[in-house]
Amino acid sequence: MTAEIIQSGRPAPRVLIVDAPGEHTMFTRMNLPPFGPGVVAGSMRAAGIEVDHHDLNSDFSRMWHGKEFTKTDLRPFYDERAVISYVRGGANEFFDAFAARLLAGKDIDGADVVGVSAGGDFSWMEMHSAAVIASHVKRHYGKPIIMGGNNLDYLMQFKDAFHSWWSACVEEFDYLITGPGEDTAVDAVFALAGGRPAVPMATTWPGVARVRGDRVLRAPDAIHRIIPPDLDGLRLEDYANFVRHRPEASPRKRETDEMWNLMQLYRFPAYLSWVANDANAANAGNGFEGRLVLPYVFNYNCPYSCAFCTESLERTKLVHAKVDEVIEHMAGMSAKYGTPYFYLFNNYFNLINGFVEEFASRVVLHGVKFHWSDCARFNGLTYERLALLHDSGCRKLTFGLETASTKMLRVIDKRVKLAEAEQVLRWCKEIGIWADLEIITGLPHEDEECFDETAGFLERNADTINYFNVNRYFVAPKSLMGAKPEAYGMRLRKFPDAYQRLLDANYRWLANDLDHSYRPQNFRVYEFDEIDGRTAEELAEAVSPKIARLNAIQSNDFMDAWQVLNMRRDQPVSAPARFTGESLAPI
């Protein structure tokens, strides 16, 4: 279709991409440019499509801080019936006015196609505002609509619970892309610009959703390509992370400043880093300067089959960029946007044998300087490899330990050796890489002995663990445990009112000042009884004290930093639950 457009002599298609807003900008400053929409924008521009990209989080933030709305005003976004009715053509003056305000100044008339990103933070404000914005554009401008975003993959996993959303959006909009969009979105734009109908192609195009009767279906996802995000057109100043910057200071003081900056960007958990950013922004120009942190991904998919994970049920081809391509992308982005700071969001950094050594040598060879964080596995990490990672700019690694119970490690097929994990943590500490962990509690048949093993591991290694994130287990339908629950000792129950129940929980979270150390558990569509064990109610009662006990092990350093930084904010807020040893609020 690209060739047909070019050969016809018609002007290249023009696409307006808008990123739907989420609640986070009501709590803190934005700090990371949108990765997925940036990748799609870059792919479209490379294909000759003219792209006008706007992150509506910028507009949403200005509206909030300008007191154009209150939290109570947003209640309709957390009402299933109100949103679905509007998508299907129903009148709603609030949605119309709110969407019009967000889109003010955007050249919708000049676009051939409008793309709407529903975001990727598992936020119902994102998912519902995306549907409202798309509906507003369709009814007032008559433009073809393509919708994408990682949240669509979440909605697809629990498609039965959210059937009303899917049936309304699939029937009202042209394309809903649930997987990688870097190629499918380009094809969709050329099809719509060339006047080809959307529906027939939706049956076979990779990742495009459709509804057949009462069933929500999608074709297999497209294969990812490694593309750096193109952030042209965005208000990049809105994503600034304000860090120490005193060029006139002595070399020793500048070195100290940089150490503080690395702590803020890499050592602190995300929500503490946001507070530091807010506090520093108040002193912009007085020893503090805004710098971008850039998102980047160079590998997708996983060769392991951890039973709780959505990648365990279907094997997908590994996608990994070559080392020289990674260096070229990162060096190019660093030079273009004037920053050495990166957050990498790979499946895990050491996915390919030999990559660590090649990457470190190329960084030295090319004389580039990066600071970065990423996920990693303990497997195969030696002292020498960790030292190379540090030399190449690695400041933090996040490891998915999940549990330190030998029984539970076997059940979920994690393939982690605890002795190796403890050794890697010690090496990271010695070398100067902050090591974070992901922990899951509430797994089926996780008894007190299993839990005590995990708590004991965290206590025993407290000096070498920087921070650990406690997650409550949820049933993912696309995982081995979700597809074969009986094999893992579970009998599933589906919440009959899961959709509106989750919306109500999200609105309560919003109304109670957005504790960003916990997001509402938007994955809790299913609960389960243990076969020959505890009921779902007993499990729910047991898990909160477990989470509280684990949170109490967390380093006091973060609470101390929170208290100091919070006093420097214009509007101090209560300490996050994770710092105070509290458990998450029930949903």
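Further up the page is the structure itself.
Below is a summary of the structure that appears in this document. Please read these numbers as outputs of a predicted model, since none were measured by experiment.

What counts, and at which threshold
Residues numbered from 1 in each chain as written. Predicted model: local features only at pLDDT ≥ 70, side-chain atom pairs only at ≥ 80, totals over all residues. Heavy atoms only, no water. Helix = DSSP H or I, 4+ residues; strand = E, 2+ residues; numbered from the N terminus. Rg over C-alpha atoms; globule rule 2.2 N^0.38 Å. Buried < 20%, exposed > 50% of the residue type's maximum accessible area, 1.4 Å probe, protein only. Contact = heavy atoms within 4.5 Å. Areas by Shrake-Rupley, 256 points an atom, 1.4 Å probe, with all protein chains shown as cover. Lys, Arg positive; Asp, Glu negative; His and termini not counted. Charge placed at Lys NZ, Arg CZ, Asp CG, Glu CD. Core = buried A, V, L, I, M, F, W, Y, C linked by side-chain atoms within 4.5 Å. Domains from an automatic or database assignment. Polar contact = N/O pair within 3.5 Å; in protein donor to acceptor, adjacent residues only side chain to side chain. Expected span 1.5 Å × (residues − 1). Arc of directions from axis to C-beta. Pairing = 2+ DSSP bridges. Right-handed = clockwise from strand over helix to strand, strands pointing away. Axes fitted to C-alpha atoms, helices over the stretch in contact; angles between N-to-C directions. Parallel < 35°, antiparallel > 145°, perpendicular 65-115°, else oblique. Nonpolar A, V, L, I, M, F, W, Y, C, P; charged D, E, K, R; others polar.

### A closer look at the overall build of the chain
For the chain, the helix and strand inventory stands at 22 helices and 19 strands. For a compact globule of 587 residues, the expected C-alpha radius of gyration is about 25 Å, and the chain comes in at 24 Å, within 12% of that figure. C-alpha atoms of the chain, sized along the principal axes, occupy 65 × 65 × 50 Å. Buried positions account for 57% of the 587 residues belonging to the chain. Partitioning the intrachain contacts of the chain with sequence separation of at least 6 by distance along the chain shows that 78% fall at a separation of at least 24. Here the chain displays about 24,100 Å² of accessible surface, and carbon together with sulfur accounts for 51% of that area. A distance of 1 Å separates the average location of the 64 positive side-chain charges in the chain from that of its 79 negative side-chain charges.

### Quick notes on the environment of Gly-533
Mapping Gly-533 onto the fold places it in the loop between strand 19 (526-530) and helix 20 (536-551). Taking the C-alpha atoms as reference points, Gly-533 and Gly-489, separated by 44 residues in sequence, lie 8.6 Å from one another.

### Looking at the nonpolar core
Membership of the largest hydrophobic core comes to 80 residues, with the highest contact counts inside it found for Leu-74, Phe-162, Trp-165, Trp-166 and Leu-176. The element best represented in this core is helix 6 (residues 124-141), accounting for nine residues. Formed jointly, this core draws a minimum of three residues from each of two domains, domain 1 (2-218) and domain 2 (240-482 + 538-568). If we ignore the near neighbours within four places in the chain, the residues touching Leu-74 are Met-26, Phe-60, Phe-69, Phe-94, Phe-98, Met-125 and Leu-510. Residues Leu-234, Ala-321, Phe-370 and Val-543 belong to the second largest nonpolar core, which totals 64 residues.

### Brief notes about the environment of Asp-413
By the secondary structure assignment, Asp-413 is in the loop between helix 15 (406-411) and helix 16 (418-431). A C-alpha to C-alpha distance of 6.3 Å links Asp-413 and Ala-307, two positions 106 residues apart in sequence. Apart from residues no more than four positions distant in its own chain, Asp-413 is found in contact with Ser-305 and Cys-306. Here Arg-415 takes part through its side chain, which lies 3.1 Å from a polar atom of the side chain of Asp-413.

### Quick look at the side chain of Ser-123
Within the secondary structure, Ser-123 is located in the loop between strand 3 (113-117) and helix 6. With near-sequence residues (within four places) excluded, Ser-123 lies in contact with Gly-22, Glu-23, Asn-151 and Arg-519.

### Points about helix 12 (residues 323-337)
Between its terminal C-alpha atoms helix 12 stretches 21 Å, which fits the 21 Å expected from 15 residues at 1.5 Å a residue. Those residues of helix 12 that sit buried are Val-323, Val-326, Ile-327, His-329, Met-330, Met-333, Ser-334 and Tyr-337. Buried residues of helix 12, seen end-on, are gathered within an arc of 165° and therefore sit on one face of the element. Opposite the buried face of helix 12, at more than 90 degrees from it, the exposed residues are Glu-328 and Ala-335.

### A short note on the side chain of Lys-414
By the secondary structure assignment, Lys-414 is in the loop between helix 15 and helix 16. Judged by relative accessible area, Lys-414 falls into the buried class, the value being 6%. Within the structure, Lys-414 has its side chain in polar contact with the side chain of Glu-402 (distance 3.1 Å). Ignoring anything within four residues of it in the chain, the contact list for Lys-414 reads Cys-306, Arg-377, Gly-400, Leu-401, Glu-402 and Leu-409.

### Quick notes on the pairing of strand 14 (residues 371-376)
When you tally the buried positions in strand 14, you get five out of six residues, the bulk of the element. As paired elements, strand 13 (residues 341-344) and strand 14 share three bridges and run parallel to each other. Following the sheet pairing, Tyr-343 is matched in strand 14 by Ser-373. Chirality of the crossover, the property in question, places the unit of strand 13, helix 13 (residues 355-366) and strand 14 among those that are right-handed. What joins strand 14 to strand 15 (residues 394-402) is helix 14 (residues 383-391), and the crossover it makes is right-handed.

### Some points on the environment of Ser-117
Within the element layout of this structure, Ser-117 appears in strand 3. Judged by its relative accessible area of 10%, Ser-117 is buried. The sequence separation of Ser-117 and Asn-241 amounts to 124 residues, and the corresponding C-alpha distance is 24 Å.

### What to know about the packing of helix 6 against helix 7 (residues 150-157)
Packing of helix 6 against helix 7 brings their axes to within 10 Å, and their N-to-C directions diverge by 100°. The orientation of helix 6 with respect to helix 7, classified from their angle, is roughly perpendicular. Each of Trp-124, Glu-126 and Met-127 in helix 6 lies in contact with helix 7, whose residues at this interface are Asn-151, Tyr-154 and Leu-155. Of the residues that constitute the contact of helix 6 with helix 7, the class distribution is four nonpolar, one polar and one charged.

### Looking at the sheet that holds strand 14
Strand order across the open sheet formed by six strands is 10-13-14-15-16-17, with parallel pairing between neighbours. Looking at which strands have only one partner, the edges of the open sheet turn out to be strand 10 (293-296) and strand 17 (467-472). Each adjacent strand pair in this sheet contributes to an overall mean axis angle of 20°, direction not counted. Where strand 15 and strand 16 (residues 434-441) come together, six bridges link them in parallel fashion.

### Points about the sheet that holds strand 2 (residues 50-55)
With parallel pairing, the five strands of this open sheet are ordered in space as 2-1-3-4-5. Looking at which strands have only one partner, the edges of the open sheet turn out to be strand 2 and strand 5 (175-176). Bridge analysis of strand 1 (residues 14-19) against strand 3 gives five bridges, and the strand direction is parallel. Bridge assignment links Asp-19 to a residue of strand 3, and that residue is Ser-117.

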